[in-house]
Amino acid sequence: MLCVRALRTFSSLGAPSSSRALTHAFRTATATNSVVRTYATHFAKASKDEPKATSLDVDNNVFKTYKPVSPGIRHLRRPINDHIYEGRPVRLLTACLRKHGGRNSHGRITVRFRGGGHRRRVRLIDFMRTEPGEYDVIRIEYDPGRSAHIALIKARDANAEGKAKWKYILATEGMRPGDVVQSYRMGMPETTGILRARTVRPGNVLPIRFIPTGTVIHCVALSPTGKALLVRSAGSFAQVVHHDESGRYSHVRLQSGEIRQVLQDCCATIGRVSNLNWKGRKIGKAGRNRWLGWRPRVRGVAMNAKDHPHGGGRGKSKSNKHPVSVWGWATKGKRTRKPGPKGPKNSNKMVIRERPRGKEKRAGGS
């Protein structure tokens, strides 16, 4: 409209000099009109005078958000993982998942609020890594059964077939197709110095005795012949802090701050678990939680008296009772570990230092 009005205003001018004014008015109106017609998805470039982002700000470069065309995606936020393979998994390395809805063999509910969800196939992850030799990372895949990403690796041995040739392992942070990983669980090379240091690379499996102190690790085993049990969720890591002079145990600091002894013959994987930003995701709607196999979590005061200690009665009241769980355990701050706040004496001799609790945790102790 501004352009048409400008043309009508200057159309009555017959002088040659009016053409310049007409052109100037047309350009001004066009520029003004382009500024007015903007959309909510348009973001102006940040000026140099604006303050930098703090640790409390959300980094929009690592999360994908959506235009709120529906309430279900208004608050939806997902980590950006452009390197994830979009195809199907290797059928050989998967197994069928039979759902039981949180019920045991007698049909009784043992895990509440479970049921439904999308069909899944279990990815068979190799937590032993016993086969030596170099493996090439083919691709990084999504695993619906865990928070971390998994990597498909292929053996360079031409004689390997089937599951000896193809394996799934937990992907480390920064792992990409084309990387090479190797397992030294069955023995380390006899070289020393620089060649020995080359074995400490992300994705490699080594006995803890050969891992330098301060190294970040994951997939920690608790038995020399057992599989990896600790530090397997997305973004988690542990750290080797000390090697005993006796040569039997090493001290490993876990994510919670607990420091425990682990046999030096046990193995661990170098690096941090992938999908670091998984903790910052937002589901967005209740239906997406149902797709994941979670049913609605019902409050105790909304149940009958036979189903929960808070149930029954008239109105929204738990009858002046202390808050407890469905099994009667005191909750909301009550310590339930007996005897003492840290459990039975010498209950776990492998723990050198307990994880920080209470005032120590609030003070930032580690």
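Report follows, based on the coordinates.

Rules behind the numbers
Residues numbered from 1 in each chain as written. Predicted model: local features only at pLDDT ≥ 70, side-chain atom pairs only at ≥ 80, totals over all residues. Heavy atoms only, no water. Helix = DSSP H or I, 4+ residues; strand = E, 2+ residues; numbered from the N terminus. Buried < 20%, exposed > 50% of the residue type's maximum accessible area, 1.4 Å probe, protein only. Contact = heavy atoms within 4.5 Å. Areas by Shrake-Rupley, 256 points an atom, 1.4 Å probe, with all protein chains shown as cover. Phe/Tyr/Trp six-rings, centres within 6.5 Å; stacked < 30°, edge-to-face > 60°. Lys NZ or Arg CZ within 6 Å of the ring centre and 35° of its normal. Pairing = 2+ DSSP bridges. Axes fitted to C-alpha atoms, helices over the stretch in contact; angles between N-to-C directions. Patch = residues over 30% accessible without salt bridge, like charges linked within 9 Å, V, L, I, M, F, W, Y side chains within 5 Å. Salt bridge = Lys/Arg side-chain N within 4 Å of Asp/Glu carboxyl O.

Take the overall build of the protein chain next. Each helix and strand in the protein chain was counted, giving 5 helices and 17 strands. Evaluated residue by residue, the protein chain yields a buried proportion of 30% over its 366 residues. For the protein chain, long-range pairs separated by at least 24 residues make up 55% of all intrachain contacts whose partners lie at least 6 apart in sequence. Working note: accessible area of the protein chain is about 25300 Å², and carbon and sulfur atoms make up 52% of it.

Bringing the packing of aromatic side chains into the picture now. Summed over the entire model, instances satisfying the criterion amount to 0 aromatic pairs. Lying over the aromatic face of Phe127, Arg232 brings its terminal NZ or CZ to 4.1 Å of the ring centre.

Time to look at the sheet that holds strand β15 (residues 259-263). The 7 strands are arranged β9-β16-β10-β13-β14-β15-β17 in an open sheet whose pairing can be described as antiparallel. Edge strands, defined here as strands with exactly one partner in the open sheet, are β9 (205-207) and β17 (351-353). Ignoring which end each strand starts from, the neighbouring axes of this sheet average 45° apart. Inspection of the sheet shows strand β14 (residues 249-253) paired to β15 by 5 bridges, in the antiparallel sense. Residue pairing for β15: His251 is matched across the bridge by Gln261.

This next bit is on unusual backbone geometry. Across residues other than glycine, the phi torsion is negative in most instances, and most of the peptide bonds are trans. Even without glycine at this site, Cys219 takes up a positive phi of about 50°. Structurally, Cys219 can be placed in the loop between β10 (216-218) and β11 (220-221). Of the residues examined, Cys219 reaches a relative accessible area of 8% and is grouped as buried. Within the chain, Asn275 stands out as a residue other than glycine whose phi angle is a positive 60°. Inspection of the secondary structure puts Asn275 in the loop between β16 (267-270) and α4 (286-291).

This brings us to a nonpolar patch on the surface. A cluster of nonpolar residues, Leu97, Val122 and Leu124, forms a patch on the protein surface that exposes about 200 Å² of accessible area. In this structure, Leu124 sits in the loop between β4 (121-123) and β5 (134-141).

On the basis of which strands lie adjacent, the open sheet formed by 4 strands has the order β7-β6-β5-β8 and antiparallel pairing. A strand with exactly one partner marks an edge of an open sheet, and here the two such strands are β7 (166-170) and β8 (180-182). The sheet shows a mean angle of 45° between the axes of neighbouring strands, taken without regard to direction. Relative to β8, β5 runs antiparallel, the two sharing 3 bridges. Paired with Glu134 across the bridge in β8 is Gln182.

Counting buried positions along β14 yields 4 of 5 residues, so the element is predominantly enclosed. Relative to β14, strand β13 (residues 238-243) is paired through 4 bridges, and the arrangement is antiparallel. For His242, the partnering residue across the bridge sits in β14 and is His251. Where β13 hands over to β14, the hairpin turn is made up of 5 residues, of which Gly247 adopts a positive phi near 80°. Where β14 hands over to β15, the hairpin turn is made up of 5 residues, of which Gly257 adopts a positive phi near 100°.

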